[in-house]
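Reading the structure
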Amino acid sequence: MSDILVRGGSMDGTIKIFVAVTKDLVEEARKIHKSFPIATAALGRTLTVAAIMGQNLKNDADSVTIQFRGDGPLGNIVAVSDSKSQVRGYAVNPFVDLPLNKNGKLAVGKAVGKGDLSVIYDLGMKEPYSGRVPIVTGEIAEDMTYYFAKSDQIPTAIGLGVLVDTDCSVKTAGGYMIQLMPEATEKTAEIIEEKVRNAPSITEMLEKGMTAEDILFFLTDGFDMLVSNETVTPVYKCKCSERRMRNAVISIGKEELKRIIEEDGKCVVECQFCNSSYTFQKDELLKMYELAR
Ligand SMILES: [Zn+2]
């Protein structure tokens, strides 16, 4: 099954649901970062929810950034999506290896640790809008659910899953997000809560061969649902360029640039999202020095 993101809503407008299949996207992230299974799962879950949240952005230039700053061995985890669900991300230390947790699952929560979770919306305005909450479990889905309840005050159910194969490649990955609008009744909330509680995990549903649309209808069974016929393919795509990297180097300021020119004579910058490296030679650095503040 190729990657896909489907959106739906109840006829009465009180339920919004997104279901994403993100296997190829997460596998691409794994290959770029050469990540071990725990990082593949942690980053894969974060990239998946970012891709879903990208669907709530309006303009091409808008972006949403999710940042887990935990004290666990993975270090910070960052995922960014645009409005087309083109995502990129990284975990600072992708080579973490921990024993499985007591449920026999990858110990993602332990690898993330305690700390905080920020969500930053860059909507082309002067100041990006952001919210921050403490990390609850580090398992990503629970933390994002808590974020929506606390920071955005939207009752939200989120399921995220990445199944890593024995050869460390990604076997299945996906996620869903169900949100209740303020007009939703108590009864609707109860029914959805129960469906989510009793549903198999997202990876189990995908392993059974359910499509994104099957999962959408399964989780909202009993409600009249409309599915958007506009299909979205979430992808891993870095947006770095020489121009962006040049600007980043210029932004470190005259003093630091002077030090680099004198001590190193050149500057190599690596993109954290795709590991591409950009080298700026001395003559270029001198020009950049003129532009720096
Ligand atoms: Zn890049």
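What you see is a predicted model; the values in this text were computed from it and never measured. (Residues numbered from 1 in each chain as written. Predicted model: local features only at pLDDT ≥ 70, side-chain atom pairs only at ≥ 80, totals over all residues. Heavy atoms only, no water.)

**Quick notes on the packing of helix H9 (residues 254-263) against helix H10 (residues 282-291)**
Running from N to C, H9 and H10 point in directions that differ by 165°, and their axes come no closer than 10 Å. Of the possible angle classes, the one that applies to H9 and H10 is roughly antiparallel. Note on packing geometry: the crossing formed by H9 with H10 is left-handed. Each of Lys254, Leu257, Lys258, Ile260 and Ile261 in H9 lies in contact with H10, whose residues at this interface are Lys282, Leu285, Leu286, Met288, Tyr289 and Glu290. Taken together, the residues that form the contact of H9 with H10 break down as seven nonpolar, no polar and four charged. (Axes fitted to C-alpha atoms, helices over the stretch in contact; angles between N-to-C directions. Helix = DSSP H or I, 4+ residues; strand = E, 2+ residues; numbered from the N terminus. Parallel < 35°, antiparallel > 145°, perpendicular 65-115°, else oblique. Left-handed = near helix turned anticlockwise from the far one by under 90°. Contact = heavy atoms within 4.5 Å. Nonpolar A, V, L, I, M, F, W, Y, C, P; charged D, E, K, R; others polar.)

**Quick word on unusual backbone geometry**
One non-glycine residue, isoleucine 140, adopts positive backbone phi at about 75°. If you trace the backbone, isoleucine 140 turns up in the loop between strand E7 (129-134) and helix H4 (141-152). Taking relative accessible area as the criterion, isoleucine 140 reaches 0% and is therefore assigned buried. Located in the positive-phi region is asparagine 275, a residue other than glycine, with phi close to 65°. (Buried < 20%, exposed > 50% of the residue type's maximum accessible area, 1.4 Å probe, protein only.)

**Remarks on the domain arrangement of the protein**
Domain annotation of the protein identifies domain 1 (4-236) and domain 2 (242-291). The straight-line distance from the C-alpha centre of domain 1 to that of domain 2 is 35 Å. Between domain 1 and domain 2, the residue contacts involve eight residues of the former and five residues of the latter. Summing the contributions of domain 1 and of domain 2, the shared interface buries around 540 Å²; its carbon and sulfur component is 56%. Contact with domain 2 buries surface across domain 1, with Ile32, Arg88 and Tyr90 losing the most and accounting together for 71% of the total. Counting every contact that joins domain 1 to domain 2 gives zero salt bridges. (Domains from an automatic or database assignment. Buried area = accessible area lost by both parts, 1.4 Å probe. Salt bridge = Lys/Arg side-chain N within 4 Å of Asp/Glu carboxyl O.)

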